[in-house]
Structures are given as C-alpha cells and as structure tokens.
Amino acid sequence: MTTAAETPTQVFTLNINGVDHDFAEDLDLLVVLRERLGIKSAKDGCNQGACGTCMVLVDGKVVRACTQRTKRLVGKKIITIEGFEQREKELFEYSFAKHGATQCGFCIPGMVVSAKGLVDAKPEPTRDEVKFAIRTNICRCTGYQQIEDAILDYAEMKRTGAPIPAPTTAGGIGTNLHRVDSYAKTLGTAEYVDDIEVEGLIHGRNVFSPCARALIKGIDTSEAEKMPGVVRILTASDIPGSRYIGHLAKDWPGMIAVGEETKMKGDSVALVIAETLDQALAAADAVKIDYDELPPLNTPEEALAEGAHLIHGEGYKQFGRWIEPTSNVFDHEVVKRGDVEAGFAKCVHFAEASWDLPPQEHAFMETEAAIGIPQGDDGIMVISGGQGIYDEYHEVSDYLGIPMDKVRIRSAWVGGGFGGKEDMSVQHQAALAAFLVKRPVKVKFDRTDSLNYHPKRHAMKIDIKLGCDADGILHAMQAKVVSDTGAYGSLGGPVLQRACTHLGGPYNYTNVDIVGDAVYTNNPPAGAFRGFGVTQSAAAIEPLLNELARKVGIDAFEIRYRNAIRPGLELPNGQIVGDDAALVETLDAVKDAYYAYAADPSVHVGIACGLKNAGVGVGLKDPGRCDLAVVDGKVEVRSSAAGIGQGVATVVVQMAAESTGLSVDKLVYTMPDTTYSPNAGTTTASRQTVFTGQAARIAGLQLKADLDAGASLDDLNGKIYHGEFDAETDPITSDKPNPVSHISYAYGTQLVVISAETGEMLKIIAAHDSGTIINPPAAEGQVVGGIAMGIGYALTENFTYTNGVPDQKLAQLGLVKANQMPPVETIFVNRGTYDDPAYGAKGIGEIVCCLVAPAAQEAYYLFDGEWRTKLPLEGTFYRPKKNR
Ligand code: FES
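Residues numbered from 1 in each chain as written. Predicted model: local features only at pLDDT ≥ 70, side-chain atom pairs only at ≥ 80, totals over all residues. Heavy atoms only, no water.

1. A look at the packing of aromatic side chains
Counting across every chain of the model gives 24 aromatic pairs. Both rings, one in Phe330 and one in Tyr520, keep their centres 5.2 Å apart while their planes meet at 50 degrees; by these two values the pair is tilted. Taken together, the residues Phe330 in strand S16 (residues 329-337) and Tyr520 in strand S24 (residues 511-520) connect sequence positions 190 residues apart. Across this residue pair, the class does not change: Phe330 and Tyr520 are buried. Linked through ring pairs, Phe208, Trp252, Phe445, Tyr453 and Tyr488 together constitute an aromatic cluster. The cationic tip of Arg457 hangs over the ring face of Phe529; the distance from NZ or CZ to the ring centre is 4.0 Å. (Phe/Tyr/Trp six-rings, centres within 6.5 Å; stacked < 30°, edge-to-face > 60°. Helix = DSSP H or I, 4+ residues; strand = E, 2+ residues; numbered from the N terminus. Buried < 20%, exposed > 50% of the residue type's maximum accessible area, 1.4 Å probe, protein only. Lys NZ or Arg CZ within 6 Å of the ring centre and 35° of its normal.)

2. Quick word on the packing of helix H2 (residues 86-98) against helix H3 (residues 108-121)
Contact geometry for H2 and H3: axes closest at 12 Å, N-to-C directions at 120 degrees. For H2 against H3, the interelement crossing comes out right-handed. Each of Glu88, Phe92 and Phe96 in H2 lies in contact with H3, whose residues at this interface are Ile108, Val112, Ala115, Lys116 and Asp120. When its residues are assigned to classes, the contact of H2 with H3 shows five nonpolar, no polar and three charged. (Axes fitted to C-alpha atoms, helices over the stretch in contact; angles between N-to-C directions. Left-handed = near helix turned anticlockwise from the far one by under 90°. Contact = heavy atoms within 4.5 Å. Nonpolar A, V, L, I, M, F, W, Y, C, P; charged D, E, K, R; others polar.)

3. What about the sheet that holds strand S34 (residues 824-829)?
Within the open sheet, the four strands sit side by side as S25-S30-S31-S34. Their pairing is mixed. The sheet terminates laterally at strand S25 (603-614) and S34, the two strands that pair on one side only. Pairs of neighbouring strands in the sheet enclose a mean axial angle of 15 degrees, with direction left out of account. Strands in contact with helix H17 (residues 583-598) are S25, strand S30 (744-755), strand S31 (761-769) and S34; relative to S30, the strand with the most contacts, it is inclined by about 5 degrees. Helix H21 (residues 852-864) contacts S25, S30 and S31 of the sheet and is inclined by roughly 160 degrees relative to S25. (Pairing = 2+ DSSP bridges.)

4. A few points about the sheet that holds strand S14 (residues 316-318)
The strands that make up a sheet pair up through hydrogen bonds in the backbone, lying either parallel or antiparallel. The antiparallel open sheet is built from three strands, whose spatial order is S10-S14-S15. This sheet does not close on itself; its edge strands, each paired only once, are strand S10 (249-250) and strand S15 (321-323). Relative to S15, S14 runs antiparallel, the two being bridged by three bridges. Its bridge partner being in S15, Lys317 is matched across the sheet by Trp322.

5. Observations regarding the environment of Asn176
The residue Asn176 is located in the loop between helix H5 (145-160) and helix H6 (182-187) in this model. For Asn176, a relative accessible area of 45% corresponds to the partly exposed category. Residues Asn176 and Asp555, 379 residues apart in the sequence, show an inter-C-alpha distance of 38 Å. Discounting residues that sit within four places of it in the chain, Asn176 has contacts with Asn775, Pro776 and Pro777.

Dropping the structure here:
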C-alpha cells in the first residue's frame with residue numbers, strides 16, 4: 001500500500017507547438033496557453049465554450065481551449081497559430097488582408113485555426129464546407145462573407161503553391177490598401193488589453209449587486225480580507241474624487257455605498273484586489289452583503305405608473321447642473337414641424353402601428369478590460385479598450401480627484417464596440433485600484449459581467465401614424481416614442497433624439513409631430529448601439545409605407561421612389577439636404593432586381609430605405625483631429641480616434657497618403673495615447689471617417705506644401721502638422737426654418753429576398769450611398785457585418801430580462817452564425833466630390849444595420865399575410881439551417 005507521502009506527484013505533459021511542457025495541476029487549456037505559456041493567439045471571449053475565439057488544434061481536430069483540461073490532453077499534439085508553418089502564416093495574413101476579412105480581429109485567430117483544420121482535412125473546400133467549419137466561430141463584425149472568401153483563397157493558394165503578391169504601397173483613397181492592423185490581428189499578435197503583460201500585475205474583481213434593486217445595509221469584508229493573496233478590498237468610501245461617472249449625466253456611481261439602493265444587477269458594491277485572479281474571485285465570493293431585495297421597475301410602464309419609486313430620486317449632475325427628478329423620465333424630446341393636422345387633411349390613406357422593439361446586446365467578442373499602472377506617487381496610466389480615450393481621461397481624473405496632467409490613457413486594440421464601449425466600464429476601477437495600492441491592476445469583466453453591465457440597444461415602443469394622398473405622396477406623420485433607458489442615462493438622451501429626428505425617414509414631407517420619452521428602469525442601461533435610435537425608427541416607419549402603397553395601389557418600390565429625398569428637398573426634420581444626397585441612386589441601383597424578384601413566384605422581396613447622420617451635429621462641438629509628425633524619415637499618423645474594428649486607423653493613413661502623396665511605407669500609424677494623440681472625440685455617430693479623416697487631410701496638405709517647396713522628410717524631422725475639422729450645425733432647438741442638424745447623411749436601400757416556400761432568407765442586396773469609398777474591402781465589410789447584425793435584430797436575437805437580469809448567456813443570444821448568413825450583394829453609389837470634407841466620404845457603419853428588419857418584415861408579410869409589429873419577427877418561417 002502506498003502512503004500519501006509516497007504518492008508520486010502527478011505531472012501532465014502537454015505537447016504544444018512541438019514542445020513538451022509539464023504541469024503539476026489539472027488546468028484549463030486556455031489558462032495554460034495564455035497565462036502559463038504566454039500564447040496569446042487563443043483569445044478569451046467567453047470562457048463558456050460559446051464563441052470560438054480560443055480555438056486550437058488537438059491532434060488535428062479543432063477544439064475550444066476553454067473546454068479542455070490538461071489531464072485529458074496528455075499524449076496529444078496541440079497546435080496554436082504560433083506553431084503553424086511560416087508559409088501558412090503568410091498565406092493567412094495575405095488572404096485575410098486581401099479580402100478585408102479582419103475588422104476588430106478578436107475572432108480572427110480562432111477562425112484561422114478552424115480554417116487550417118478544415119483545409120488540412122479538405123484541401124479543396126466548397127463555400128458551404130467553409131461555412132460549416134466556422135459555424136461555431138462567432139464573428140460580430142464581418143458577417144462572415146469576406147472571411148469565407150479569405151479561407152477559400154488560402155486553400156487555393158496553399159494547394160497550388162501560388163506565390164504571395166507583395167502588398168501595395170500606394171494607399172490613397174479608393175485603393176484596396178491592406179488594413180494597417182490586419183496581419184497582426186490575423187495571427188493573434190495584435191494586443192488587446194487582456195494580452196498585455198505588465199510586470200507585477202495583480203487583479204481586481206467586482207462584488208456585484210445581489211439583484212437589480214437592493215437596499216445595501218452592510219458590507220462585511222473582514223473574512224475576505226484574510227484570504228490568501230488579498231491585497232485590499234475597496235468600497236465606495238475609498239473613491240477619492242467624484243463617485244459618479246457618466247459622459248453626459250453623472251448619475252452612475254462607481255460603487256454603491258451602504259445605505260443606498262443598487263439600481264441594476266451590474267452595480268458594483270466592492271472591488272477586491274488580489275495577487276491572482278483566482279484569489280480575487282474567491283475573496284469576492286466571501287464578501288458578505290447585508291441587503292434587502294426590493295421590487296425592481298421592469299418596464300417604462302411600471303416606471304411611469306403612479307407611485308413608482310424614483311430610481312434617481314437623490315438627484316445627479318448633468319452639464320454642471322444639479323437635476324432633481326420628479327419622475328422616472330430621463331429625457332423628453334419633441335420634433336414638431338409644419339402642421340400635422342393640415343397635413344393629415346390632405347391625406348386619403350393612413351397607416352398606423354404600435355411597435356414593440358426589443359433591447360439588443362452588442363456581444364462584442366472582447367469583454368471589457370483595463371489595466372491601471374501607477375505613475376509615480378500621484379499619477380496613473382490606464383490601458384483601455386474603449387471608444388474614446390479622452391472621455392476616459394476626463395472621467396478618470398474626476399474619479400480619482402487628480403488633475404488631468406496626472407492621468408494618461410493609452411488604447412490597446414479594441415475587440416469590437418458597436419457603441420457598447422462608449423461608457424466607462426472597468427477603466428475607472430482599474431485606475432482606482434492601481435492608484436490606491438500603487439501596483440499595476442487589471443480589471444476584466446467575464447461574459448456574464450459584460451452582459452449585466454454595459455448599455456444595450458434601447459427597447460422602444462413606438463406608436464406611429466403616417467398619411468398620404470391618392471398618389472401615394474406623404475404629407476404627415478405623428479408618433480410617440482417611449483424608450484427603456486435602464487438604470488443609468490448613458491447616451492439615452494441623444495439616442496432618443498436621433499430616433500425622433502430620423503423617424504420621418506428619408507422622405508420629402510414636412511408635417512411631423514413626434515414626442516419621445518426615455519425612461520429609467522432597473523434594467524441594464526441602454527445607450528449607444530450601431531444605428532443609435534435609427535434602427536428603431538426605420539423599423540417603425542418603413543413598413544407603414546408598404547401599407548400605404550397597398551392602399552394606393554402602387555408597389556413598395558414606387559411609393560419610396562415618389563417620396564425619396566432628393567438634393568435641395570426638405571427632410572421631415574427640416575434639414576434641406578445637399579447635393580451629396582443619393583437615396584434615389586440607391587433605389588435605381590436595386591430597381592431591376594426588385595421588379596425581377598417581385599415577379600418571381602418562388603420568392604418574396606421586401607424593401608426598406610433609410611438615412612443616418614454622420615457626426616454628432618445639432619450645434620455641438622464635434623472636432624476630429626489628426627497630427628502628422630515627421631520622425632526619422634517617416635511620418636507618424638497620430639489621432640485618438642478609437643479603432644473598434646471599423647477601420648479608422650487605415651482610413652487616416654489613406655487620407656494622409658492621398659493628401660501628402662507619400663507612399664504608405666512612409667506612414668506609421670500610432671496607437672491612441674493622450675500623451676501624443678490629439679483629441680479626435682469619441683468613435684460614435686459614424687463620424688470618424690468624415691471628421692478625423694478630413695483632419696488627416698488638412699494636416700497632410702500642410703506637409704505636402706513643405707514637401708512641394710523642396711523640403712525632404714529628413715529636413716522636416718521633428719515637425720508636427722496639426723489637422724482639425726469641425727462642422728457648423730444648428731442646435732435641435734434652433735428656430736431657423738431649415739436648421740442644419742448634421743453635416744451629412746448616409747442613405748441606403750436594401751432588399752431582403754426569401755423563399756416563398758420555406759421563408760429561408762436567400763439573399764440581401766444592399767445599395768448604399770456613403771459618399772466616396774476610402775477602402776472598398778473595408779467598406780464592404782461594414783455593409784455585410786451590419787447586415788448580419790440587422791438579421792439578428794430582425795429574426796434571431798431575442799434579448800430579454802427577468803427582474804432586471806439578462807435571461808441569456810452568450811450562446812443563447814441568437815447571434816447569427818456563418819451557416820445562417822445569406823449571400824449579400826453590396827452596391828455603392830456616390831454623389832460626393834473630391835472637394836467635399838473627407839474627399840466626399842460619409843459614415844457607413846450605422847445605416848447598414850438599420851434596414852434589414854423593416855425589409856424582412858415586408859418579405860414575411862408577403863410570405864404568410866401576418867403583419868408583425870414586434871421584433872424579432874416570429875413565425876414558422878425561420879429555421880436556422882445546420883449547413884447551407
Ligand atoms: Fe470577428 Fe470582430 S472581426 S468579432
């Protein structure tokens with residue numbers, strides 16, 4: 001018999017990328033790869049076996065590292081991208097860059113592993129086989145089409161031994177320049193916050209509210225403080241500066257204090273700091289919260305009911321003013337123009353609906369993470385993955401109560417945002433922890449934390465009535481909008497305002513009466529999300545045009561064509577659109593296809609049009625900035641514009657190349673950092689290509705003037721050229737007859753084609769006016785990716801809460817998978833000119849996801865005659881296919 005003392009220590013030997021490694025514990029493979037061996041190509045997107053960002057090959061089979069334990073892997077061969085042959089790496093770099101297949105990039109290494117697994121087994125795969133192979137790799141950015149193209153190209157080049165063409169160095173506007181971040185993101189070497197190694201790094205872990213609404217009566221940290229590895233446990237009283245965060249309304253406490261109520265499940269009550277993450281997790285579990293659970297307000301109806309408790313009854317600051325709410329209405333918007341009664345009097349046909357539109361989860365693949373690093377005794381640096389380092393700069397300074405010159409924010413690559421990383425999440429927490437314990441601290445949300453915490457797309461109820469005359473010409477619209485803005489204000493005001501200013505659609509009529517309320521509830525907050533209120537307004541108005549068309553006796557295309565906004569005409573929000581407005585051209589681009597499908601009995605076709613502003617506008621300061629700095633014979637392109645996957649890093653390089661005439665090998669993109677990057681504002685409102693792009697052009701033209709005067713880059717060493725661009729717009733309260741709310745609008749028309757037999761979505765045709773296209777593959781990626789998100793909103797995603805807590809995990813969100821995506825045909829039209837700001841480019845990121853839901857609503861009405869006023873559309877028609 002063997003005694004315990006004599007039992008040999010079990011050793012698990014894993015062969016990883018051809019090298020044996022011994023481990024004395026049975027560990028998750030993902031922990032082994034990322035934390036023990038520093039292999040960062042396997043990303044931690046969910047740790048729930050749901051996203052595919054951690055794919056590796058085990059004996060040639062594609063598996064998720066987060067579901068594997070070391071003891072089951074002994075004797076097997078594990079390969080990560082780091083262990084691929086050099087030519088395989090180069091082929092993946094090239095094919096993914098060529099097709100613009102990499103956006104935020106967080107999912108891409110997992111895709112690459114799945115692709116290698118497929119091609120090693122099937123050297124000549126079909127597109128359907130590629131779709132099947134990557135069906136468990138979730139990509140929230142791309143819509144998969146270009147990833148499939150890249151994998152097919154990789155397979156062919158690998159099979160044929162084709163040489164890899166040298167990348168172009170010509171990078172002006174309109175060229176297919178490989179994205180500046182593509183190669184590193186493809187092979188997994190681009191660093192997101194969680195990939196960054198910092199000497200002496202320790203970990204912070206939140207103790208979250210036990211329920212959506214709890215009265216906190218006590219916080220007992222005594223036992224937790226004695227646990228191994230615990231450095232310190234912070235509570236609200238440890239915050240040295242202003243406890244309340246929020247870019248606009250300062251209504252969001254960084255931690256809830258004893259005696260206060262929590263307002264949502266994602267509220268933090270304490271922050272445990274420990275040597276390791278496991279120690280922080282264990283100690284967080286040991287913090288005892290004494291609380292009374294209180295009934296949450298689950299809907300705006302409950303929150304507006306007589307006697308409902310005031311969620312922010314204690315008041316908050318907004319734009320320097322103290323607000324003392326007397327109801328749960330956070331924001332009220334009114335858009336009234338013309339005379340609605342007189343307009344309706346001209347109408348003979350009316351369409352009305354009450355829409356019920358759900359919240360939507362961003363589901364970016366990288367969850368929120370930040371690292372705080374002390375700078376001397378009284379300063380702090382934060383490495384962030386947010387959407388605006390200067391917003392964080394101000395907020396961290398306020399939170400810590402230190403001057404801004406003691407704060408530095410640096411951005412890592414951002415693994416998707418879509419608006420969900422505009423607000424503070426973990427940046428202030430990492431800053432606080434590191435500032436107080438004087439050690440580098442990482443705070444990272446796991447997937448559940450992320451779902452509970454960050455603002456969502458607003459659920460909205462929209463009552464709307466639209467009228468037209470006997471010829472189908474629109475004359476008036478009346479609407480009431482109520483949005484659920486959740487526990488905190490976030491961007492709830494501007495989102496409601498955009499929903500109201502865009503609710504009239506891209507049409508020429510001038511009598512509108514729209515009122516909207518954004519209402520606090522105890523749900524997770526709602527804020528910015530791609531489309532920014534326009535996703536909801538397009539879903540509400542577009543189907544009404546189809547109803548009116550049926551009453552008039554014309555088709556859905558014709559009613560849009562008759563009413564479409566044209567240059568020089570007035571939108572329902574009062575703005576007279578410029579010569580750049582090309583909605584009619586988008587309709588012309590799909591006309592033949594629309595009528596061909598409409599005449600084909602085997603299919604049904606739905607159509608929707610839309611518009612989306614570029615830039616914040618409405619009279620607010622909104623400058624984009626970019627500096628070009630000459631350093632050692634090259635030109636550094638410096639801007640704080642956050643690259644969240646949309647490709648602004650490449651756009652500013654292309655703008656600089658175009659304006660200076662320099663080849664791109666002379667241009668060096670630098671990551672956003674408040675120490676040298678000028679403030680380009682937040683990545684929001686489809687604004688960066690226009691505003692920061694034009695700023696890059698302005699700086700480039702100054703540099704070009706010096707070059708044209710005979711100076712060389714060596715002569716100019718050390719010189720910095722500043723570019724800044726803003727647009728004059730009018731406030732929403734302007735009494736001008738035709739206020740200019742925004743510098744420009746992007747327009748689009750989309751067709752959704754479904755099978756008349758099964759309802760399967762067969763094809764989407766997307767014609768978009770986004771002005772001059774700066775990088776065609778990147779622009780196409782925005783279209784297809786936005787459509788994938790739109791399909792989710794229309795059909796597959798059904799995000800719900802029970803008592804303020806999200807009901808779904810990542811795997812249950814209904815995110816569209818590769819084998820569920822129909823083919824997307826993208827068409828660009830353009831009326832912009834070279835002399836316009838940003839060479840005529842307009843925003844594209846948002847409009848693309850706003851039109852699928854209304855077009856699908858019409859297609860499925862034609863399918864079964866049911867006129868649905870609730871999303872996601874429900875019916876027997878939707879059957880996700882296992883494989884296309
Ligand atoms: Fe796939 Fe962003 S590129 S998740």
